[in-house]
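The lines below spell out each chain.
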Amino acid sequence: MKLKFRTLVIALGMFFMLPGIARADEGMWLLNLIGKNYADMQKAGFKLSPEDIYSINQSCIKDAIVGLGNEGQPFWHFCTGEIISDQGLLSTNHHCGYGKIQEHSTVAHDYLRDGFWAYSKDQELPNPGLTASVLVRIEDVTDQVKAVLSDEMSESDRSKAIAEISQKIADKAKAGTQYDASVREMFNGNQFFLFVHLIYKDVRLVGAPPSSMGKFGGDTDNWMWPRHTCDFSLFRIYTAPDGSPAQYSESNVPLRPKHHLPVSIKGIQDGDYAMVMGFPGTTERFITSYGLEETMNITNKLVYEIRTVKINVLREQMASSQAIRIKYASKYASCSNYWKNAHEANIALKKLNTMQVKRDIEKEYTNWARGKDAKYGLALNRIRQGYADRAVYQQASQYIVEGLLTGPELAWRSFRTGRTLMAATERYADNPDQLEQIYSSIVASQNAFYKDYDEATEKKLIAAMYEYTFNNIDPQFCPQFLTVANKKYKGNWTKYAEDLVNKSIFRNQETFAKFMQKPNLKTLAKDPVYLAGEAIYESYIAINSNIPQESADNLERGIRDFVDGVLQMNEGKKFLCPDANSTIRLSYGNVKAYDPRDAVAYSYYTTLTGVMEKENPNSTEFEVPTRLKDLYAAKDFGQYANAKGELPTCFITTNDITGGNSGSPVMDAQGNLIGLAFDGNSEAMSGDIDFEENLQRCICLDVRYMLFVIDKYAGAHNLIEEMTIVK
């Protein structure tokens, strides 16, 4: 249906097929501009006002939405959460909290396997480095930034000018306040917005179901519907006694938020209004066919192929030991998520013929550009040539990154640690006290690394990943040390990995600790693992440095001019939405079933019955805890059952989401929490590039399942009591 509709649109010479134009429920909208969508939101069923969503003068929904990040990267949010009590209680996805749950897990206290619940605040666990950002305000600063720019600037000079004026704007915004601020570009450098946040730095783990529930379905169900995953975890934000952001301290107190979301157990129906607010990571709706070709044939293809090697090693090793399973649980989850995403995205992009869609768009753009400023006519040629010039380098870079830098960990980690050690030793040679402090910091950092490291697993990863990279990378880009190793060991990469690691001071925590008792830079400089890391780094730099600068500049300029042209083409026709870039956004839509293919019709919700039907004691992906089975058998669902006596588990909506939206609140027409967004559906995995209005679905945890688990399964009544429950 979709392709026939688009063909008709093109034949009529209309422009509303261009990327970024809202179709159905497409759009991740900036909060300060949401009023332009208000009429459409009302048609979808919205009952509040724009000021109830975003206001700088009164409390509103934005004050309850949290971007989860890491200290040092305050404006890049890996997930979203929402404040659900007046005591700073925060809900997000289980997979968002997974890394922290893993960090607190040991063989004796396996919170991944058994779950974790704090029945009082003194049992909540601190998480150094985890941050929670709450938006204060957004301001359009496009005119201020563009005032220092001109078309005659080189791309390098333009970037410097943007960085300088952006820093001045941000510094002015946060001067004399507790705020952090950043200027972010939109529409590929055609617009600029200031985002001001309050960033909290004491975020404690409160609760999480066992992974058998929080990750129910594992890789098999990932990106699929129907789902039955209990994907939530709970945290709490703490502040200094005066309410200001502060590092962890026993004297800190729970946050008193300006707003928290009421939690509705009234239930949902097909067609109900649904609204998602969060921090989506990255979309590429304005990408051209040339960029899409690179994404499909290089990025997605190689990510899937190379990570398959890593995943096979990790699966085997994690199945062999509980200790190894705990150490690598978070790493495996991170690796496998994008592994499957890349594969399913390519399938969807091919099936939906997205390449032809992009080419049709470019044809329409070319017709529009005739007679306009010459830069618009040059844009697509610049883009085409830019991607062509860098293709071989992008492919080689993927092998270096996926196969050597982030495949095995030891070489890259050891190189960075070694560089830090060398620099500190030289700089503070005459200051032994300062040097000793730095040495202690290095040891502490390495110990944290070794906590989730297994020597035997690392050797297997090195052998498998180095061999795969050597056999598949273009020989002209292959790091010399791999060629030498293959020749010396006659293709026996297992023996190579054994010797490489066994001869290294970085082999394990004990060997590194012994070295640090009396560090010797000559020994470090000759260390085989350190040298491997150095060679990998130098290969990566060399590959990316060889991309012609003029070509790179033309590509950046071409994309910016193309998007500028698209904006002008659609001026006065339809309000366009900028690509996601980890800034807070809102999408609106409806709860809605769908029919993905012939003779297949999916309901809009699932129930606990489906969990029991999927149970497979022989698969770690479909285990069901005994207590959950007992509650199901007794139909002890409490107030969380629907009118049919079922316990809903998940539901789907037409909301537009992407990575970073994980954990985002799904709200009803009155702004009550009805679910947590946690996934998209495989049939529309092309969504980051081309929103599929007939198939796109946001997969959500039903909040009633979350509350049931907290209340009935865990008995954490203390948490239920502090929420505002809407019945």
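All figures in this text were calculated on a predicted structure; none of them were measured in a lab.

Draft legend 1. The overall build of the protein, seen in detail. The number of helices and strands found in the protein is 26 helices and 22 strands. For 727 residues, the compact-globule estimate of 2.2 N^0.38 gives 27 Å, and the protein sits close to it at 26 Å. For the protein, the spread of C-alpha atoms along the principal axes amounts to about 70 × 70 × 60 Å. Sequence separation of 24 or more characterises 79% of the internal contacts of the protein that already satisfy a separation of 6 or more. Separation of charge centres in the protein, based on 80 positive and 90 negative side chains, amounts to 2 Å.

Draft legend 2. Summary view of the packing of helix α16 (residues 455-472) against helix α18 (residues 493-502). Contact geometry of α16 with α18 gives a least axis separation of 8 Å together with a crossing angle of 130°. By the angle between their directions, the pair α16 and α18 is classed as oblique. As α16 packs across α18, the resulting crossing turns out to be right-handed. Listed contacts from α18 to E455, K459, I462, A463, Y466, E467 and F470 of α16 are W493, T494, Y496, A497, E498, L500, V501 and N502. Of the residues that constitute the contact of α16 with α18, the class distribution is nine nonpolar, two polar and four charged.

Draft legend 3. Representation of the nonpolar core in the model. The biggest cluster of nonpolar side chains holds 150 residues, and the ones touching the most others in it are I53, F232, Y365, L628, Y705 and I710. Those residues in contact with Y705 that sit more than four places away from it in its chain are M213, H228, T229, C230, L608, V611, L628, L647, P648 and T649.

Draft legend 4. Representation of the layout of surface pockets in the model. The calculated volume of the second largest pocket comes to roughly 400 Å³. D63, V136, L198, Y200 and K258 are the residues nearest the centre of the second largest pocket, which is lined by 25 residues in total. Only β6 (130-140), β8 (191-200) and β11 (253-254) provide two or more residues apiece to the lining of the second largest pocket. The dominant element in the lining of the second largest pocket, judged by the number of residues it contributes, is β6, at three residues. Residue composition of the lining of the second largest pocket, by class: 14 nonpolar, seven polar and four charged.

Draft legend 5. Molecular detail of unusual backbone geometry. Residue P226 follows W225 across a cis peptide bond; omega there is 10°. Here P226 is to be found in the loop between α9 (218-221) and β10 (233-239). Of note, F187 is a non-glycine position whose phi angle comes to about 50°, a positive value. Along the chain, the position of F187 falls in the loop between β7 (180-186) and β8. With relative accessibility at 7%, the residue F187 sits in the buried group.

Draft legend 6. Quick look at the confidence of the model for the protein. Overall, the prediction assigns the protein a mean pLDDT of 94, with 96% of residues at 70 or greater. Scored below 50 in pLDDT, residues 1-24 shows 56 contacts in the model against residues more than four places distant or in partner chains.

Draft legend 7. Structural context of the pairing of strand β21 (residues 698-702). Of all five residues making up β21, five are buried, and the element is well covered by its neighbours. Neither face of β21 is open: one carries C698, C700 and D702, the other I699 and L701, and all of them are buried. Where strand β20 (residues 673-680) lies against β21, five bridges are found, and the strand directions are antiparallel. By the bridge assignment, A677 is partnered in β21 with C700.

Draft legend 8. Representation of the packing of aromatic side chains in the model. Counted by the stated rule, this structure contains 30 aromatic pairs. Relative to F116, the ring of Y111 lies with its centre 5.0 Å away and its plane at 65°, an arrangement referred to as edge-to-face. For F116, a relative accessible area of 7% translates into the label buried. Ring centres of Y450 and Y453 lie 5.4 Å apart, and the angle between their planes is 75°; on these two criteria the pair is classed as edge-to-face. Judged by its relative accessible area of 5%, Y453 is buried. Joined through ring pairs, the aromatic side chains of Y466, F470, F481, Y489, W493 and Y496 make up one cluster. Across the ring face of Y98, the terminal group of K215 is positioned such that the distance to the ring centre comes to 5.1 Å. Taking the ring centre of Y632 as reference, the NZ or CZ of K635 above it sits at 3.9 Å.

Conventions used here
- Residues numbered from 1 in each chain as written.
- Predicted model: local features only at pLDDT ≥ 70, side-chain atom pairs only at ≥ 80, totals over all residues.
- Heavy atoms only, no water.
- Helix = DSSP H or I, 4+ residues; strand = E, 2+ residues; numbered from the N terminus.
- Rg over C-alpha atoms; globule rule 2.2 N^0.38 Å.
- Contact = heavy atoms within 4.5 Å.
- Lys, Arg positive; Asp, Glu negative; His and termini not counted.
- Charge placed at Lys NZ, Arg CZ, Asp CG, Glu CD.
- Axes fitted to C-alpha atoms, helices over the stretch in contact; angles between N-to-C directions.
- Parallel < 35°, antiparallel > 145°, perpendicular 65-115°, else oblique.
- Left-handed = near helix turned anticlockwise from the far one by under 90°.
- Nonpolar A, V, L, I, M, F, W, Y, C, P; charged D, E, K, R; others polar.
- Core = buried A, V, L, I, M, F, W, Y, C linked by side-chain atoms within 4.5 Å.
- Buried < 20%, exposed > 50% of the residue type's maximum accessible area, 1.4 Å probe, protein only.
- 1 Å grid on protein atoms, 1.4 Å probe; cavity = no way out; pocket = protein on both sides within 12 Å on 5 of 7 lines; lining within 4 Å.
- Points joined across faces, edges and corners; volume = space filled by probe spheres on them.
- pLDDT = per-residue confidence, 0-100.
- Pairing = 2+ DSSP bridges.
- Phe/Tyr/Trp six-rings, centres within 6.5 Å; stacked < 30°, edge-to-face > 60°.
- Lys NZ or Arg CZ within 6 Å of the ring centre and 35° of its normal.

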